[in-house]
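Each chain, letter by letter, is given below.
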Amino acid sequence: MGAFYIINFTEFGVTYKIMCIFVMLIHFNLLLKDSMKTLNSYNWRKNKYLCFSGKSFYDRGLLSFVFTLFFGFINTSPAMAIGKYSVDDDSVLFEKKLCAYLNTSYRAAVTQVIVKKEYVIVKGKCDKEGNYVLAEITPYDDVVQLSKSIDKIPIQKKSFTIKLTRRVNKNGVIYDRALSKWVILQRTENYEEIASHAHYPDWIIASQHRLKPVTKRVLKGVAGSNSLCMEDMDSLQIRSTTVNVIPTSQMYLQPHPNTIKYIYGGKAYYFNKDYFNYLDNLLRAYYEKNIAVAAIVLIQPARAHLDKEIGMLMQHPNYDPATGSAFYSMPNMTNPESVNCYAAAIDFLAQRYCRDDNMYGRIHYWIMHNEVDCGLEWTNMGYQPITTYTDAYIKSLRLCYNITRQYDGNSQVLASFTHSWTYATGKNYSSKQMIDLIKMYSKVEGDFQWGLAYHSYPEDLTNPNTWEDLQALFDKNTPLITFKNLEVLNEWAFASENKYKGKKKRVIWLSENGINSRSYSDTDLQVQAAGCAYAWKKVERLKGIDAFIWHNWSDVKEEGICLGLRKYAVEPDPLGRKPVWYVYQAAGTSREEEVFKPYLIYIQIKDWDEIHVKL
């Protein structure tokens, strides 16, 4: 996270320019010390600036406020912004239509959608007799911009039940209507208008019913996948993990050597056998150790796909590396061919890793993409208004959910966020903004079992003293949620308005979290271990959090920070255990109090009870 100044001097006079430069110099003088810290807090893995000790450029008190208000240097309006952040008129109009749709109380309603083996049953009601039709909205359609080609079925009665064939030929493929949502339109003399919110399936028949759900907390987790890490899984008593999965990058449209042929929608796709042999071995090993797995589904840019044609199908048409680092793309769901390709990849994963016999291992949860609130870096579709961006993201969540539920009746999708809450970095979004929009979509289009994959890193990823985080407040509108104020996330989990159908707590995995060791000096390693003890004591007591995945198993040079339980794989102590390893090993065991006690002094407390806050 970070800040930048945007100055368009060509629009101002000489006096104004002098005033701007004068105030800016004062501002930079105050921030000189912190600016040096900023350089040190640059995350080379994520290619972005990180918050440091709550002293980001955005939060420097009255001077920053006045500076922002009068001179527009920070978070400027689109008119002042650099061209790459401008939003075209079509995007603005689309955003307005989406907001109007979400906030309208319609006179008709689709009340239930049931997907059976061969049929889809849609139930609904209209306020009166009239010229109504039921319209099918596929993932590549937009309910606020209906194409003329969408399927429409006449509605004969005020209260109706319509039974439809589940699989139909659309655009040359056999399309599964389990992926569609349904909306009522009213026909007038000159046009059709929306008369209800669209509604996704409420229930989808699962071909397998014996897959066991994750019924208990699988709190202690770690990310890592090599053979030594597997040995650590036993030593550390690990119960959960995450695995990055890049399915479309490993696909071909045409027959190719050493591939697995897979038919979806009546069309053949070919998956790289070597990659899936690797994934099979990994997931099978986790299954044998009774470790719950969340797959992180990532869509790489076109250039990173084995088949560049599939790459172009899957890269979002608005993907734009000029707007950010753009390590990954939002999946392209704007046309039938791309949707079928994406659906084929998810279907292939689900049928392989959600089986009764667990032959290839098991995936329990599906984390859709990475840190979507920081989309310009991690789920890029160019700079978009937040509702437009979230609408695209929800389509991906729903597609994965509606496919995986066909194989595993307990499957759930998790939305991935940074430690932002109400704070938004640069031209990205705040997590809470997006979560509130997902809640709104769920309310009007039918709820589904989505949860959160949250990254509660310290405010400054380089600073292990997370208990000092200044932007982590014990308030529902806190800028950040870090280890320090996880009570806020826990309270969110148990609020009835945030539960699935108002009754069932949503799954929350802290799916990527860690504490940095500034160096390998004894002091820095001990402070990292203290941070781990602090984080564990927080998480352990909060029942709204279901899993805590330590990132990473070992230090990784490319990340630029040392979050690992083990050292770098280089001399003089390759992959040596750090003190934090022993702290994490003791966590949740009978040795916890004994091992944790020496670290109280680093946090300057006498008892662990002091760190807990009742909201």
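Residues numbered from 1 in each chain as written. Predicted model: local features only at pLDDT ≥ 70, side-chain atom pairs only at ≥ 80, totals over all residues. Heavy atoms only, no water.

Caption draft 1: Just the nonpolar core, in detail. Counting 152 residues, the largest nonpolar core has W366, W509 and F548 as the members making the most contacts within it. Here this core takes 11 residues from helix α8 (residues 336-353), the largest share from any one element. (Core = buried A, V, L, I, M, F, W, Y, C linked by side-chain atoms within 4.5 Å. Buried < 20%, exposed > 50% of the residue type's maximum accessible area, 1.4 Å probe, protein only. Helix = DSSP H or I, 4+ residues; strand = E, 2+ residues; numbered from the N terminus.)

Caption draft 2: Just the packing of aromatic side chains, in detail. Under the criterion given, the structure shown has 26 aromatic pairs. Ring centres 6.5 Å apart and planes at 50° place the aromatic pair W450 and W492 in the tilted group. Of the two residues, W450 is situated in strand β21 (residues 450-454) and W492 in helix α12 (residues 486-494); the sequence distance between them amounts to 42 residues. Here W450 and W492 have matching classes, each one buried. With a centroid separation of 5.9 Å and an interplanar angle of 50°, the aromatic rings of Y520 and Y568 are classed as tilted. Linking Y520 in the loop between β22 (508-513) and α13 (522-541) with Y568 in the loop between β23 (547-550) and α14 (579-586), this pair joins segments that are 48 residues apart in sequence. Looking at Y568, the relative accessible area reads 13%, which means it is buried. (Phe/Tyr/Trp six-rings, centres within 6.5 Å; stacked < 30°, edge-to-face > 60°.)

Caption draft 3: View of unusual backbone geometry. Here the amide bond leading from H551 into N552 is cis, since omega sits at 15°, within 30 degrees of zero. By the element assignment, N552 lies in the loop between β23 and α14. Cis rather than trans, the peptide bond between E571 and P572 has omega equal to 15°. One non-glycine residue, N171, adopts positive backbone phi at about 55°. In this fold, N171 is placed in the loop between β8 (167-170) and β9 (173-176). Take N171: its relative accessible area is 58%, and that puts it in the exposed class.

Caption draft 4: Fine view of α14. Counting buried residues along α14, 6 of its 8 residues qualify, which places the element largely inside the surrounding structure. Along α14, the residues that are buried comprise P579, V580, W581, V583, Y584 and A586. Buried positions along α14 lie against β13 (220-222), α5 (227-235), α13, β23 and α15 (592-596). Once α14 finishes, G588 follows within two positions and takes phi at roughly 80°, a positive value. (Contact = heavy atoms within 4.5 Å.)

Caption draft 5: Geometry of the pattern of salt bridges. Applying the stated criterion across every chain, the model contains 25 salt bridges. Residue R166 is joined to D176 by a salt bridge in which the shortest nitrogen-to-oxygen separation is 2.8 Å. Within this pair, whereas R166 is found in the loop between β7 (159-165) and β8, its partner D176 is found in strand β9, the two being separated by 10 residues in sequence. Pair check on accessibility: R166 and D176 agree, each one buried. A cluster of three or more residues bridged by salt bridges with shared partners is formed by E136, D151, K170 and R177. (Salt bridge = Lys/Arg side-chain N within 4 Å of Asp/Glu carboxyl O.)

Caption draft 6: Spotlight on helix α10 (residues 386-404). In a regular helix each residue adds 1.5 Å, so 19 residues correspond to 27 Å; α10 covers 27 Å between its end C-alpha atoms and thus fits that length. With 19 of 19 residues buried, α10 is to be regarded as a mostly interior element. (Expected span 1.5 Å × (residues − 1).)

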